[in-house]
Amino acid sequence: MSGEQVLEILEKRSLFDPNDRPQSTRRIETTLDLGSPLGKVDVSVLVWPTRRSYTGQPSAELHVIGALPLLDAVVANLIEAGARPARPGEFTMRAFLAGRLDLTQAEAVLGVIDAEDASTLERALGQLAGNLSRPLQHARDTLLNMLADVEAGLDFVDEDIEFIEDNTLIERLGDLQTELTQAAAQLRERNSQHTSLNVVLRGLPNAGKSCLLNRLSQSETAIVADEAGTTRDLITVEVEYEGHTFSLTDTAGLEHRGQDEPDWQVMSQAQLQANRAVQHADVCLWCIDASDLSPETGSSFTPPKSSDRKRTATDRVVLTKADLLKSPPTGLDSLHAGSESLPTEFRSMPSIAVSSVSGEGIDELWKVLISIAQQHDSNETGGVMGTAARCRDSLRQSIDHLGTAIDATENQIGHEIVAAEMRLAVNQLGEVTGEVYTDDILDRVFSRFCIGK
Ligand SMILES: Nc1nc2c(ncn2[C@@H]2O[C@H](COP(=O)(O)OP(=O)(O)OP(=O)(O)O)[C@@H](O)[C@H]2O)c(=O)[nH]1
Ligand SMILES: [Mg+2]
C-alpha cells in the first residue's frame, strides 16, 4: 500500500499498537483478523511511515502466507478499510512523480521484472542505475545553460552585449549534437543486440536438422551424413533475415543410449546440451522426417515440460524431406490421418513441410520465423526495449533542432530563432528522462507494467 492514508488503514485493522505509532521504518509481527471462516492470520507488516519509501509516500507491505484465497481475502479486507487496487505500474509511477526515479529508470524497473536472461537483466540494472539518463541529463543541463546565455543576450540586444559568441555557440551545439548522436547509436545497437531470436532444431537422428540449418544459413556449417548420430555438439549460426537476427542452433538427434551401447557417454552429454538449448529457445523447430513417419517417430519423441522452457517459447513441427513425397503434404494430419504415431503435443502444433534439397517450404518457414520475431519484439518493448522505442524519436528530433540552431547562428538569422530551436531540443531531451512529461507519455510508459509494480 502506498499513500497518505496507509497508517490510518493499518490502525483501523489493528496492525500496530495505537500507543506505539511507527515513526520510522519498522517491521511488525502481528495478526490480521479476516473474520469467518479464515479467522486471524499471521502477517508481517513492513511500514515506511514517512516519505522515505519507494513511492515517496507513506507505504506498507503486508507479508502473508502465499495462498490465493488468503491473498484475495487480505486485499478485500484492506479495500474495505479504505484502500483501492493499484493501477498498472502505479507504484513506480508514484516513485517517478515523487522524483525518486526518472522515466528511463522507471522503464528499467519493468525491464528488471521481465528479464529472462542474465544479459537483459544486466542492461535493465544498468539503466536503473542511470547509465542512460545521466549522459542525457548532462546534455540537457549544458544546453539549458547555453540557452540562458543566448536568452540573456536577447535582453541586451540594443546594447550589443553578447553573453556567448557565435563561434563558441556553434562549436558547443555541434559537440552536443555529436554526444546525442552517439547516445542514439548506442540505443540502436542495444536494440539490435536484443532482437536475436533463438531458434533450436530438435528431432530424431537423421531427420535432416543439420541439412536444414545449412539451408537456412546458406552455409555448409554443419556436417550432413546418412549416418544417424552425426551431430553431437551444438552448432550455432547467426543469420540476418529481413532486419531480424536469428541465432539458429542445430542439436544432436534425440536418442537414448544404454550404458553398454557404444558412445553412450558422449551421446548422453549431447542430449543434455541439446535439452539445455531447448530451454533457452524462443522457437523450437521439431523436425520430423515426412518420408519416414512410423510408430517409432512418436514413441521416442516427447517435448520437454513447458515449465522448463522460456515463458514465451513457441513450437513448430517441421516436416522435412518433403521432396521425397509423391504429393506435397498439407500438414501432419493429412500425412497420417488417424495414425497415432505422434504424441498429441505435436499433432496440435502448427506444422510446415520443407525440403532442404529442393528448397520448397523454406520461404514459408522464414515467414513463420519472421512473424514470431515480430511478435517477440513487440513483447519485449516492455522494459528497456520500450525506452529505446520511446526515445528514438525524441533524440532524433532534438538532434535536428540543434542542427537548425547551428544553421540559424551561421546564417545570422537572429538569436530569437536560435533560442527557440534550442528550447525545442531541451524539451525533447526532457521527454526522454521525464523532466517534461504529458499524460500521454506517462500512459505509454506505465500502461506496460502489470498491476502492483
Ligand atoms: N531428399 C532429401 N534428403 C535430405 C533432406 N534433408 C536431409 N536429407 C538427407 O538426410 C540425411 C540426414 O541429414 P542430416 O541433416 O545429417 O540429419 P540430422 O537430423 O542432422 O541427423 P543427426 O545429426 O544424425 O541427428 C542426409 O543423408 C541428408 O542428405 C531433404 O530435404 N531431402
Ligand atoms: Mg545433424
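Residues numbered from 1 in each chain as written. Chains lettered and ligands numbered in written order. Predicted model: local features only at pLDDT ≥ 70, side-chain atom pairs only at ≥ 80, totals over all residues. Heavy atoms only, no water.

Focus: the pairing of strand β4 (residues 197–203)
- Counting buried residues in β4 gives six out of seven residues, a clear majority hidden from the surface.
- Looking at chain direction, β4 and strand β6 (residues 244–250) are connected through five bridges and run parallel. Bridge pairing in β6 places V200 opposite T249.
- As paired elements, β4 and strand β7 (residues 283–289) share five bridges and run parallel to each other. Bridge assignment links R202 to a residue of β7, and that residue is W286. (Buried < 20%, exposed > 50% of the residue type's maximum accessible area, 1.4 Å probe, protein only. Helix = DSSP H or I, 4+ residues; strand = E, 2+ residues; numbered from the N terminus. Pairing = 2+ DSSP bridges.)

Side note on the site of ligand 1
- Near ligand 1 you find 22 residues, and of these K209, S210, D226, G229 and D323 are the closest.
- A207 places a main-chain nitrogen or oxygen 3.1 Å from an oxygen atom of ligand 1.
- The side chain of S355 places a nitrogen or oxygen atom 3.4 Å from an oxygen atom of ligand 1.
- Expressed as a share of its isolated accessible area of 650 Å², the protein-covered part of ligand 1 is 90%.
- Of the residues in the shell around ligand 1, the class split is eight nonpolar, nine polar and five charged. (Near = heavy atom within 4 Å. Polar contact = N/O pair within 3.5 Å; in protein donor to acceptor, adjacent residues only side chain to side chain. Areas by Shrake-Rupley, 256 points an atom, 1.4 Å probe, with all protein chains shown as cover. Nonpolar A, V, L, I, M, F, W, Y, C, P; charged D, E, K, R; others polar.)

Some details on the coordination of the magnesium ion (ligand 2)
- Bound to the magnesium ion (ligand 2) on the protein side are S210 (OG) and T231 (OG1), at distances that span 1.9 to 2.0 Å. A residue pair is termed long-range when its members are at least 10 positions apart, and S210 in helix α8 (residues 209–217) and T231 in the loop between α8 and β5 (235–241) qualify at 21 residues.
- T231 gets classed as buried once you look at its relative accessible area, which sits at 10%. (Donors = N, O, S within 2.8 Å, 3.2 Å for Na, K, Ca; no water.)

Overview of the layout of surface pockets
- The calculated volume of the largest pocket comes to roughly 960 Å³.
- Taken together, 33 residues line the largest pocket, and the ones lying closest to its centre are M1, S2, A60, A86 and F91.
- Elements with a minimum of two residues in the lining of the largest pocket: α1 (6–12), β3 (59–63), α2 (68–80) and α3 (90–97).
- Along the lines of polarity and charge, the residues of the lining of the largest pocket split into 18 nonpolar, nine polar and six charged. (1 Å grid on protein atoms, 1.4 Å probe; cavity = no way out; pocket = protein on both sides within 12 Å on 5 of 7 lines; lining within 4 Å. Points joined across faces, edges and corners; volume = space filled by probe spheres on them.)

Some words on the pattern of salt bridges
- A full pass over the atoms with the stated rule returns 16 salt bridges.
- The partner of D282 in a salt bridge is K310, and the shortest N-O contact between them spans 2.9 Å. With D282 in the loop between α9 (264–279) and β7 and K310 in the loop between α10 (295–299) and β8 (314–320), this residue pair connects regions lying 28 residues apart in the sequence. Considered together, D282 and K310 belong to a single accessibility category, that of buried residues.
- One salt bridge in this structure joins R396 and D393, with 3.0 Å as the shortest N-O distance. Taken as a pair, R396 and D393 lie in helix α14 (residues 384–410) at a separation of three residues, close to a single helical turn.
- By relative accessible area, which is 45% here, R396 ends up partly exposed.
- Within this structure, R84, R87, E90 and R94 form a network of salt bridges that share partners. (Salt bridge = Lys/Arg side-chain N within 4 Å of Asp/Glu carboxyl O.)

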